[in-house]
Each structure stands twice: as structure tokens, then as C-alpha cells.
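# Observations on the three-dimensional arrangement
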Amino acid sequence: MRNVTFNSKHVVFAVVLSAVIAMTAGCVEVKIKDYVDPQAPNKEFNRILVNCLERGMIHKTKAELALVHVLNRCASNLKADISTNYLFPTRKYSEQQIFEILKQNGFDGYLVVDFRDQEIQYQGTSVASSPSYNESGSIVMFYNIDLIDVETQTCVWTASSKLEGLGMTYKKMISEMTKKICSKLRILKFIK
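### A word on the state of the cysteines
Scanning the model with the defined rule gives 1 disulfide in all. One disulfide bridge connects cysteine 74 with cysteine 182, the sulfur atoms lying 1.6 Å from each other. Between cysteine 74 and cysteine 182, the disulfide has an S-S torsion of 90 degrees and is therefore right-handed. Here cysteine 74 is found in helix H2 (residues 57-74), whereas its partner cysteine 182 is found in helix H4 (residues 170-187), with 108 residues between them in sequence. According to the relative accessible area criterion, cysteine 74 is buried, its value standing at 17%.

Written as C-alpha cells, this is what we have:
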């Protein structure tokens, strides 16, 4: 058996390697604070239009596709679709026009995900016995989410979401938020 001794260089290397792996692997924390209207109709939504009010078309498209994908997978009786198939980004719509389009196309739910703010939080880390200093940042995004009953044109569920991601892509962060939204809607029996 070989006798191996570890010196401080080995320990520093192992710690730095572990930190790099943790940062590149990434993680997302999603917090949702929500409220259900006490007079909300006791109904299951079967067809939901997802509209993400995002910073630009790239983010809007990614967010809507991620939401629709997860919603359609998590609820067998649900058919969700992206807004740009019905509400064209090149046009301005009144609230009444939006609901007319939703009704004409058989939607009973309208899920609006509204981007509110973004922060980048920096943290400095240093390794013992090493003069190096590493600065890394996590992205924090804030969203408001409303589920609107198309028939009554009233919001039945509203939520605020905080996403915090370290070493994650935008698509992955939105996907994690979508899973949380889906879970909440299932618990509330708005989808099955």
C-alpha cells in the first residue's frame, strides 16, 4: 500500500476544485408567496394561454415555451399554449380585445407572468492559506403571476415569485419557477 501524505497545496486544490464544480453545477432557489381569491370559482382549468411580459422577445419566447412545456406535462387534462400564437407582439390590444380572443379560441384560463426586476448579488470567497480571491454572483429575478378566469375576467390566483440562481441559465431558472407554479396550481386544484 502506498503511503500518501497531503500537504496544504493538496487541500487548497481540493477546496478550489469543489468550489468550481459547485458553481458550474449551479442551483436555483424558487420562493412563491401566493393568494387565492376567496370567491374564486371552484373549477379546473383545461385550456390556458400563457403570456410572459418579459424584457424582450428572446426571454418572452423562452419563458412561454418553458411554462407551456411543464404545464402540459404536469396536468393530463390541460392544454396550455403560448401567447404569441394569438396575441401578436406587433399589435396593441385592449383588455376587452384580449378576452374576446381568448374566448374565441376556447381558453378558460389566462396565466400572466410579469417580469418585475432583476438583481445581481456578488459574493467574495477566499480560500484559507491562499492569497487568491474569487468573486461570483447570483442572479435574482422577481415575477408577479396571475391566473385569470376568462369567463368572469377575474384574477383567481396571484403570486409573487423570487428566483435566485447561481451558475444557471435563464431557461433553467424559468423551468424551475414553472415547476413550482404547476405544483401550486395542482394543490389548489386549478389543474389536475
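### Describing the side chain of threonine 178
Examined against the element boundaries, threonine 178 turns out to sit in helix H4. By relative accessible area, which is 0% here, threonine 178 ends up buried. Setting aside anything within four residues of it in sequence, one finds threonine 178 in contact with Ala66, Leu67 and Val70.

### Section: the packing of aromatic side chains
If you walk through the whole model with that rule in mind, you get 4 aromatic pairs. An angle of 80 degrees between the planes, with centres 6.2 Å apart, marks the rings of phenylalanine 99 and tyrosine 110 as edge-to-face. Separated by 11 residues along the polypeptide, phenylalanine 99 in helix H3 (residues 95-104) and tyrosine 110 in strand S4 (residues 109-126) bring together distant segments of the chain. This pair shows no difference in class: phenylalanine 99 is buried, exactly as tyrosine 110 is. Here phenylalanine 115 and tyrosine 143 contribute two aromatic rings whose centre-to-centre distance is 5.5 Å and whose plane-to-plane angle is 65 degrees, an arrangement assigned as edge-to-face. With phenylalanine 115 in strand S4 and tyrosine 143 in strand S5 (residues 133-149), this pair connects stretches of sequence that are 28 residues apart. The pair phenylalanine 115 / tyrosine 143 is uniform in exposure class, with both members buried. Here arginine 47 stacks its cationic end above the ring of phenylalanine 107, 4.2 Å away from the centre of that ring.

### A closer look at the packing of H2 against H4
Their axes nearest at 9 Å, the elements H2 and H4 cross at an angle of 40 degrees. With respect to H4, the element H2 is oriented oblique. Crossing angle aside, the handedness with which H2 passes H4 is right-handed. Between H2 and H4, the residues in contact are His59, Lys62, Ala63, Ala66, Leu67, Val70, Leu71 and Cys74 and Tyr170, Ile174, Ser175, Thr178, Lys179, Ile181, Cys182, Leu185 and Arg186, respectively. In terms of residue class, the contact of H2 with H4 is made up of 11 nonpolar, 3 polar and 3 charged.

### Focus: the pattern of salt bridges
If you walk through the whole model with that rule in mind, you get 8 salt bridges. Residues aspartate 149 and lysine 43 are paired through a salt bridge, measuring 2.7 Å at the closest nitrogen-oxygen approach. Highlighted residues: aspartate 149 in strand S5 and lysine 43 in the loop between strand S1 (27-36) and strand S2 (47-53), separated in sequence by 106 residues. Lysine 43 matches aspartate 149 in its accessibility class, with the two residues each being buried. Between glutamate 64 and lysine 60 there is a salt bridge, with its nearest N and O atoms 2.9 Å apart. In this pair, glutamate 64 and lysine 60 both sit in helix H2, 4 residues apart, roughly one turn of the helix.

Reading the values: the criteria
- Residues numbered from 1 in each chain as written.
- Predicted model: local features only at pLDDT ≥ 70, side-chain atom pairs only at ≥ 80, totals over all residues.
- Heavy atoms only, no water.
- Disulfide = S-S within 2.5 Å.
- Helix = DSSP H or I, 4+ residues; strand = E, 2+ residues; numbered from the N terminus.
- Buried < 20%, exposed > 50% of the residue type's maximum accessible area, 1.4 Å probe, protein only.
- Contact = heavy atoms within 4.5 Å.
- Phe/Tyr/Trp six-rings, centres within 6.5 Å; stacked < 30°, edge-to-face > 60°.
- Lys NZ or Arg CZ within 6 Å of the ring centre and 35° of its normal.
- Axes fitted to C-alpha atoms, helices over the stretch in contact; angles between N-to-C directions.
- Parallel < 35°, antiparallel > 145°, perpendicular 65-115°, else oblique.
- Left-handed = near helix turned anticlockwise from the far one by under 90°.
- Nonpolar A, V, L, I, M, F, W, Y, C, P; charged D, E, K, R; others polar.
- Salt bridge = Lys/Arg side-chain N within 4 Å of Asp/Glu carboxyl O.

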